[in-house]
Amino acid sequence: MRFGIIGSGIAGLTAAWALDRSGHDVDLFECGSSLGMAAQTVDLNLDDKVRVGDVPSRMFNRLQWPNLCLLYDLLGVDTVPVEPSQTFSHLHGPVYLRLKNAYRAKLDRNFLLGRTVRKLLKTAAELKSAGVRDLAAGLPSDLTLGSYLSNSGVSRDFISDFLYPTLSSTVCTCSYASLDAYPASIILQALRELTADGETLLKTTHGTRDVVNRLVSGNLATRLNTRVHQIDAPPTGPVDLKLQLPDGRMQTETFDHVVVSTQANHARDLLNESSAEDREILAMFDYESIPVIVHLDTRLMPPRRGHWGTFNMISQRDPQPAAMCTVLMNQFHRDWQMPSPAVFQTINPILEPDPGSVIQTSVLQRPLVNRHSQVAWERLSAAMLRPGRRIWFCGSYAVAGVPLLETGVVSAVNVLQGLDVELPFTDRDLAASSQR
Ligand SMILES: Cc1cc2nc3c(=O)[nH]c(=O)nc-3n(C[C@H](O)[C@H](O)[C@H](O)COP(=O)(O)OP(=O)(O)OC[C@H]3O[C@@H](n4cnc5c(N)ncnc54)[C@H](O)[C@@H]3O)c2cc1C
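Definitions and cut-offs
Residues numbered from 1 in each chain as written. Predicted model: local features only at pLDDT ≥ 70, side-chain atom pairs only at ≥ 80, totals over all residues. Heavy atoms only, no water. Near = heavy atom within 4 Å. Polar contact = N/O pair within 3.5 Å; in protein donor to acceptor, adjacent residues only side chain to side chain. Areas by Shrake-Rupley, 256 points an atom, 1.4 Å probe, with all protein chains shown as cover. Helix = DSSP H or I, 4+ residues; strand = E, 2+ residues; numbered from the N terminus. Nonpolar A, V, L, I, M, F, W, Y, C, P; charged D, E, K, R; others polar. Domains from an automatic or database assignment. Core = buried A, V, L, I, M, F, W, Y, C linked by side-chain atoms within 4.5 Å. Buried < 20%, exposed > 50% of the residue type's maximum accessible area, 1.4 Å probe, protein only. Contact = heavy atoms within 4.5 Å. Pairing = 2+ DSSP bridges. Axes fitted to C-alpha atoms, helices over the stretch in contact; angles between N-to-C directions. Parallel < 35°, antiparallel > 145°, perpendicular 65-115°, else oblique. Phe/Tyr/Trp six-rings, centres within 6.5 Å; stacked < 30°, edge-to-face > 60°.

Enquirer: Looking at this structure, I do not really get the site of the ligand. What am I missing?
Expert: In the vicinity of the ligand lie 33 residues, with Glu-30, Arg-58, Met-59, Trp-65 and Ser-396 positioned nearest. In this structure, an oxygen atom belonging to the ligand sits 2.8 Å away from a main-chain N or O atom of Met-59. Ser-396 places a main-chain nitrogen or oxygen 2.7 Å from an oxygen atom of the ligand. Within the complex, 89% of the 1000 Å² of free accessible area of the ligand lies under protein. Among the elements of the structure, α1 (10-21), β10 (227-232), α9 (264-270) and β18 (358-367) are those that each provide at least two residues to the shell around the ligand. Within the shell around the ligand, the residues separate by chemical class into 16 nonpolar, 13 polar and four charged. Counting residues domain by domain, the shell around the ligand receives three or more from each of domain 1 (2-35 + 216-286 + 369-435) and domain 2 (66-203 + 287-367).

Shown next, in the form of structure tokens:
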């Protein structure tokens, strides 16, 4: 059978790789000039050598990302632990908290333990145990994080100096208002898995380009600079894709099945009235744009260099509460072995870096999770079971949970199941992998 896959993020790449392995003809369309998952990777020519930097600097662990890790195992992708130190400060202020291990409230011993910090860490531990208990008891699916936190009585300082800077600039990358609307159960579950004892935070050893090269190494046709403009599926028969080719010409090509693995808002715009229900479901997923800037401006780091960690959360309360995370790329990429110049990657800057220091600016879209997405997940999974379906949807937005590489892989596996295609791995493989 002939498959058209639209979009080359982790979801589209996983679907394309598995369909190609099962012997189907696969065309993978990407409107950008490189494969989407690695499109923002940056080549830095700062000394005599070229250093390759991952943007965004993505991480995972075996507990929360079991399907992703199994896929990487099958592909032979090497992984290394991330140097996980984390600092917290207010804009232009000194570091008030330095953790040895991101997502675990283990204090750096060299750091002074003030009363406020002790209180903060105590609350973090209490919230963790309360979260485990409440998850076990079952939380209403419509209880938002904002309501959960106000009912639990945790202090505003804890939220604005610790919890929200971490969630808004790393785990969920969204505004504080969108965090308030997140379902409490999803955040508590994510925090439980991120902070589980013995879980090591990992990154790929050779970067995202290595991952995407492995995923497209088979026989599939990778068609870059090719934008899909419209999907046309008559009630029976094959699906037509209206494409804009790299030379600008428009062309229609026909496929037995099409897997749409773009962001939900882009997918919706590709469909016509014959896919009215799908359009309605896809319109329920909301997005926020997240600027990610690679630069050399030390003003977006804590003032004292000796306090720097790999991940540096800097927050402000006015004019509106917000936080950024600046990643020290030299430390994130241990293999760079380049102590200077220090290269930074700032997610969601609340202070603009000096334009002369900017190496690359990307604006990434991240799905939000709220009451609308909970309804949409249910409707989408029911709609995907309809017999005779020939247009399929996957992407990190499409399954329950914080949208991450893991949900992208799971959504692609769901599509493969719907298509009755041989899965790249079994539940037994998954169980064995998570034991490692
Ligand atoms: C700052 C930041 C940090 C993150 N950190 C982590 C992390 O540490 N760990 C983690 O697991 N996840 C992380 N994530 C989330 C993760 O990167 C995403 O969930 C994941 O990459 C999304 O993959 P996807 O396949 O759903 O979609 P995308 O990667 O968005 O892919 C969609 C593709 O479709 C293409 N496309 C769109 N329209 C068309 C069209 N009409 N024709 C052809 N092509 C089209 C786009 O160009 C794009 O390449 C982070 C995200 C951000 C923003």
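Enquirer: Can you walk me through the nonpolar core in this structure?
Expert: A general feature of soluble globular proteins is that nonpolar side chains tend to end up buried together. Core analysis: the largest hydrophobic core is formed by 132 residues, its most contacted members being Tyr-182, Ile-231 and Phe-393. Both domains that meet at this core, namely domain 1 (2-35 + 216-286 + 369-435) and domain 2 (66-203 + 287-367), each give it at least three residues. Setting aside anything within four residues of it in sequence, one finds Tyr-182 in contact with Leu-143, Thr-144, Leu-145, Cys-172, Cys-174, Ile-187, Val-369, Val-402 and Pro-403.

Enquirer: Explanation requested: the sheet that holds strand β13 (residues 257-260) in the structure shown.
Expert: Where strands meet in a sheet, backbone hydrogen bonds hold them as pairs that are either parallel or antiparallel. Strands sit in the order β9-β2-β1-β13-β19 across an open sheet of five strands; the sheet is parallel. Each end of this open sheet is capped by a strand with a single partner; those strands are β9 (221-223) and β19 (391-393). With direction set aside, neighbouring strand axes in the sheet form an average angle of 20 degrees. Against the sheet, α1 touches β1 (2-6), β2 (25-29) and β13, its axis set at about 165 degrees to β2.

Enquirer: I tried to follow helix α8 (residues 207-215) on my own but got confused; where do I start?
Expert: Counting along an α-helix, one turn takes 3.6 residues, and residues three or four places apart therefore face a common direction. Among all positions of α8, only Gly-207, Thr-208, Asp-210, Val-211, Val-212 and Leu-215 are buried. Tucked inside the fold, the buried residues of α8 contact α1, α2 (66-75) and β8 (202-204).

Enquirer: Please clarify how the environment of Ser-315 should be interpreted in this entry.
Expert: Within the secondary structure, Ser-315 is located in strand β15 (residues 311-316). With a relative accessible area of 2%, Ser-315 lands in the buried category. Measuring from C-alpha to C-alpha, the distance between Ser-315 and Asp-161 comes to 7.2 Å, with 154 residues separating the pair along the chain. Those residues in contact with Ser-315, other than ones at most four positions away along the chain, are Ser-89, His-90, Leu-91, Tyr-96, Ser-160, Pro-165, Tyr-176, Ala-322, Ala-323 and Ile-350.

Enquirer: Would you take a moment to explain the pairing of β15 for this structure?
Expert: In the case of a regular strand, side chains alternate between the two sheet surfaces. For β15, the tally of buried residues reaches six of six residues, placing the bulk of the element in the interior. Of the two faces of β15, both are covered, the one formed by Phe-311, Met-313 and Ser-315 as well as the one formed by Asn-312, Ile-314 and Gln-316. Bridge count for strand β6 (residues 86-90) against β15 is five bridges, and the pairing is parallel. Across the sheet, the residue bridging to Gln-86 is Phe-311, located in β15. Bridging between β15 and strand β16 (residues 322-328) involves six bridges; their strand directions are antiparallel. Residue pairing across strands places Met-313 opposite Cys-325, the latter belonging to β16. Count of turn residues in the β15/β16 antiparallel hairpin: five residues.

Enquirer: Where do I start with the packing of α2 against helix α13 (residues 405-419) in this structure?
Expert: How two helices pack is summed up by the angle between their axes together with the distance between the axes. Contact pair α2 / α13: the axes reach a minimum separation of 7 Å and the direction vectors enclose 75 degrees. By the criterion of interaxial angle, the relationship of α2 to α13 is roughly perpendicular. Residue-level inspection shows Pro-66, Asn-67, Leu-68, Leu-71 and Tyr-72 of α2 in contact with α13, the latter providing Leu-405, Glu-406, Val-409 and Val-410. Its residues assigned to classes, the contact of α2 with α13 shows seven nonpolar, one polar and one charged.

Enquirer: How do you make sense of the packing of aromatic side chains when you look at a structure like this?
Expert: Ring pairs (aromatic) are described by centroid distance and by the angle formed between their planes. Across all of its chains, the model carries eight aromatic pairs by this definition. Both rings, one in Phe-158 and one in Phe-162, keep their centres 5.6 Å apart while their planes meet at 45 degrees; by these two values the pair is tilted. Here Phe-162 and Phe-158 lie together in helix α5 (residues 156-171), a separation of four residues that amounts to about one turn. For the pair Phe-158 and Phe-162, one class covers both residues: buried. Members of the aromatic cluster, connected to one another through ring pairs, are Phe-88, Phe-158 and Phe-162.

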